[in-house]
Amino acid sequence: MATETVLATAVSNGVGKACCKFGPGYATPLAAMSGPPEKLIYVTALYSGTGREQPDYLATVDVDPNSPTYSSVIHRLKMPYIGDELHHTGWNSCSSCHGDPSASRRYLVLPGLISGRIYAIDTKTDPKAPSLYKVVEPKEISEKTGLAFPHTSHCLASGDMLVSCLGDKEGNAKGNGFLLLDSDFNVKSRWDKPGHAPKFGYDFWYQPRFKTMISTSWGAPKAFSKGFNLQHVADGLYGSHLHIYKWPEGEMKQIIDLGNTGLLPLEIRFLHDPSKDTGYVGSALSSNMIRFYRNSDDTWSHEVVISVEPLKVENWILPEMPGLITDFLISLDDRFFYFVNWLHGDIRQYNIEDPKNPVLTGQIWVGGLLQKGSPVKAVREDGSTYQFDVPQIKGKSLRAGPQMIQLSLDGKRLYATNSLFSAWDRQFYPELMDKGSHIIQIDVDTEKGGLSINPDFFVDFGEEPDGPALAHEMRYPGGDCTSDIWI
């Protein structure tokens, strides 16, 4: 991993022209914004947890408006096993390897969150029809590292891959940590040093210029895999911490307890500019956006910059409903971030040119439990009730709430799926089991701000050949703002 320091220096000094020509990804985030428009998206599609005895698969979706198969699934790569619960995905190589002309963005990394398998998918031989290259079996991972429930993966400039794992094979959070794979997907070791495992696992992001990696906290697999139980939060089975690590040594140097303002901190992103020592994390249950930042003494602090207030409701399981911020991302120029409220049903756009003071510039309702026609209603202070208008697309009603999002390189198109995790989908949006997921596309105004639905794009996973499927994370073949890290 010492290679990362060398490459960071080379890129920051503008040297190594051959690297800039032949390495994967882009030299800078702003250079990435000038990349070609997306034509394909890879989407994890699930039958796990739906009651259908079919394997999960990787769907290739045509997003080229000039293509005759635009807005449709054009290929399905079925996994060889049933019950994986494909979830998040990453690359074997990305812009962090831009300085290495021998590196290639070839393999999509697909962890099975429940099965513990990790699939390596070849997307280079035929980008429209990816193929299975290799399977890393859970037994090998567990025997060599004690880890299970793999979640987030990021490539490293060294050629290795780092995967967060959320527990041990019994589903205990105390067994969580970070798995290190080599460039051919062989299990190397744990990345975190002995005694330096996080309290809970989920997402992570590294920032080599400040020799730091920060990870977030979901919960114990034996808790979240059965659905959400609020008592489990009180019982200590869910997290509220950020874990600050020395990079690349794997030694924890600080733990930040977010308390009640940061229950279930999930997705985390540094600003893309590698010279910036700040970023954000989305707290799902508290429904806060939290900024983290480095202090002059090299410690880290945090502050809540946006609070989504819970809504008083009727005909629901609780008297108040949180927004449930389950995903967010930052545009490559660090001007905007976008987040979703999975339960309320809206997507928001904020200008973050002043990172301490985000300004709301766009908001659109594209589903949720409070859309018109739902039995659940929001209640005003005077006792009157209201619901939100949610449009149809191509004559189809929008189901569930916006969940995973992906932004085009130029920042002008935002894609959204609606499945969170099969057990939670069944609990909060049972209609997804019968009707399946969908992908929608939002047009983004990057000048004045604003969001609007593209009426010509709707990918209906309710009409899949083997029955309705759940769609989760999306990736472009050439990388995106949630996969690529600049060093």
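Refer to the structure presented above.
Residues numbered from 1 in each chain as written. Predicted model: local features only at pLDDT ≥ 70, side-chain atom pairs only at ≥ 80, totals over all residues. Heavy atoms only, no water.

## Observations concerning the overall build of the chain
Item 1. Scanning the chain for helices and strands turns up 8 helices and 32 strands.
Item 2. Dimensions along the principal axes, computed over C-alpha positions, put the chain at roughly 60 × 50 × 50 Å.
Item 3. When contacts within the chain are restricted to residue pairs at least 6 apart in sequence, those whose partners lie at least 24 apart make up 59%.
Item 4. Of the accessible surface of the chain, which amounts to about 17,700 Å², a share of 50% is contributed by carbon and sulfur atoms.
Item 5. When the 46 positive and 58 negative side-chain charges of the chain are each reduced to one mean point, those points stand 2 Å apart. (Helix = DSSP H or I, 4+ residues; strand = E, 2+ residues; numbered from the N terminus. Contact = heavy atoms within 4.5 Å. Areas by Shrake-Rupley, 256 points an atom, 1.4 Å probe, with all protein chains shown as cover. Lys, Arg positive; Asp, Glu negative; His and termini not counted. Charge placed at Lys NZ, Arg CZ, Asp CG, Glu CD.)

## Thoughts on the side chain of E38
Item 1. Looking at the element boundaries, E38 is found in the loop between α3 (29–33) and β1 (40–46).
Item 2. Note on E38: relative accessible area 9%, which makes it buried.
Item 3. For E38, the side chain forms a polar contact with the side chain of R413, separated by 2.7 Å.
Item 4. Among the polar contacts listed, one links the side chain of E38 to the side chain of Y415, at a separation of 2.8 Å.
Item 5. In contact with E38, other than residues within four places in its own chain, are V63, S408, R413, Y415 and Y476. (Buried < 20%, exposed > 50% of the residue type's maximum accessible area, 1.4 Å probe, protein only. Polar contact = N/O pair within 3.5 Å; in protein donor to acceptor, adjacent residues only side chain to side chain.)

## Some thoughts on empty space enclosed by the protein
Item 1. This model, assessed by the stated rule, comprises 3 cavities of 30 Å³ or more.
Item 2. Size it by volume and the largest cavity reaches roughly 80 Å³.
Item 3. Lining the largest cavity, in full, are H88, T89, T152, S153, H154, D203, W205, E267, R269, E473, R475 and T482.
Item 4. Those elements giving two or more residues to the lining of the largest cavity turn out to be β8 (148–155), β16 (265–270) and β32 (470–475).
Item 5. Volume-wise, the second largest cavity comes out at about 60 Å³.
Item 6. If you go around the second largest cavity, the residues you meet are W205, Y206, Q207, F270, L271, H272, D273, P274, D484, I485 and W486.
Item 7. If you tally residues by element for the lining of the second largest cavity, the top one is strand β12 (residues 204–207), at 3 residues.
Item 8. Residue composition of the lining of the second largest cavity, grouped by class: 7 nonpolar, 2 polar and 2 charged. (1 Å grid on protein atoms, 1.4 Å probe; cavity = no way out; pocket = protein on both sides within 12 Å on 5 of 7 lines; lining within 4 Å. Points joined across faces, edges and corners; volume = space filled by probe spheres on them. Nonpolar A, V, L, I, M, F, W, Y, C, P; charged D, E, K, R; others polar.)

## With respect to the sheet that holds strand β15 (residues 252–257)
Item 1. Taken together, the 4 strands give an open sheet; going across it, the order is β12-β13-β14-β15, and neighbouring strands pair in antiparallel fashion. Each edge of the open sheet carries a strand with a single partner, namely β12 and β15. Pairs of neighbouring strands in the sheet enclose a mean axial angle of 15°, with direction left out of account.
Item 2. Sheet analysis places β12 next to strand β13 (residues 212–215), joined by 4 bridges and oriented antiparallel. Pairing of W205 across the sheet is with I214, part of β13. (Pairing = 2+ DSSP bridges. Axes fitted to C-alpha atoms, helices over the stretch in contact; angles between N-to-C directions.)

## Quick notes on the pattern of salt bridges
Item 1. Summed over the entire model, instances satisfying the criterion amount to 29 salt bridges.
Item 2. Salt-bridge contacts for R475 lead to E473; the nearest nitrogen and oxygen are separated by 3.5 Å.
Item 3. The exposure class of E473 is buried, given its relative accessible area of 6%.
Item 4. Beyond isolated ion pairs, a larger network of salt bridges with shared partners links D203, E267, R269 and D327. (Salt bridge = Lys/Arg side-chain N within 4 Å of Asp/Glu carboxyl O.)

## Quick word on the packing of aromatic side chains
Item 1. Within the structure shown, the criterion is met by 33 aromatic pairs.
Item 2. Judged by centre distance (5.3 Å) and plane angle (55°), the ring pair of W191 and Y245 falls under tilted. You can see W191 sitting in the loop between β11 (187–190) and β12 and its partner Y245 sitting in strand β14 (residues 241–246), a full 54 residues away along the chain.
Item 3. The exposure class assigned to W191 is buried, which follows from its relative accessible area of 3%.
Item 4. Accessibility expressed as a relative area gives 0% for Y245, which makes it buried.
Item 5. Here W218 and F224 contribute two aromatic rings whose centre-to-centre distance is 3.8 Å and whose plane-to-plane angle is 10°, an arrangement assigned as stacked. (Phe/Tyr/Trp six-rings, centres within 6.5 Å; stacked < 30°, edge-to-face > 60°.)

## A look at the environment of G239
Item 1. Mapped onto the secondary structure, G239 falls in the loop between α6 (230–234) and β14.
Item 2. Taking C-alpha positions, G239 is 5.6 Å from G219, a pair spaced 20 residues apart along the chain.
Item 3. If near-sequence neighbours (up to four positions away) are discounted, G239 is found in contact with F200, S217, W218, G219, G262, L263, L264 and P265.

## Focus: the nonpolar core
Item 1. Counting residues in hydrophobic clusters, the biggest one holds 42 residues, and the most contacted among them are W218, Y238, L343 and W424.
Item 2. Broken down by secondary-structure element, the contributors of at least two residues to this core are β8, α5 (221–224), β20 (311–314), α7 (422–428) and α8 (431–435).
Item 3. The element best represented in this core is α7, accounting for 3 residues.
Item 4. Listed in part, the 27 residues of the second largest apolar core include A32, I347, V366 and I405. (Core = buried A, V, L, I, M, F, W, Y, C linked by side-chain atoms within 4.5 Å.)

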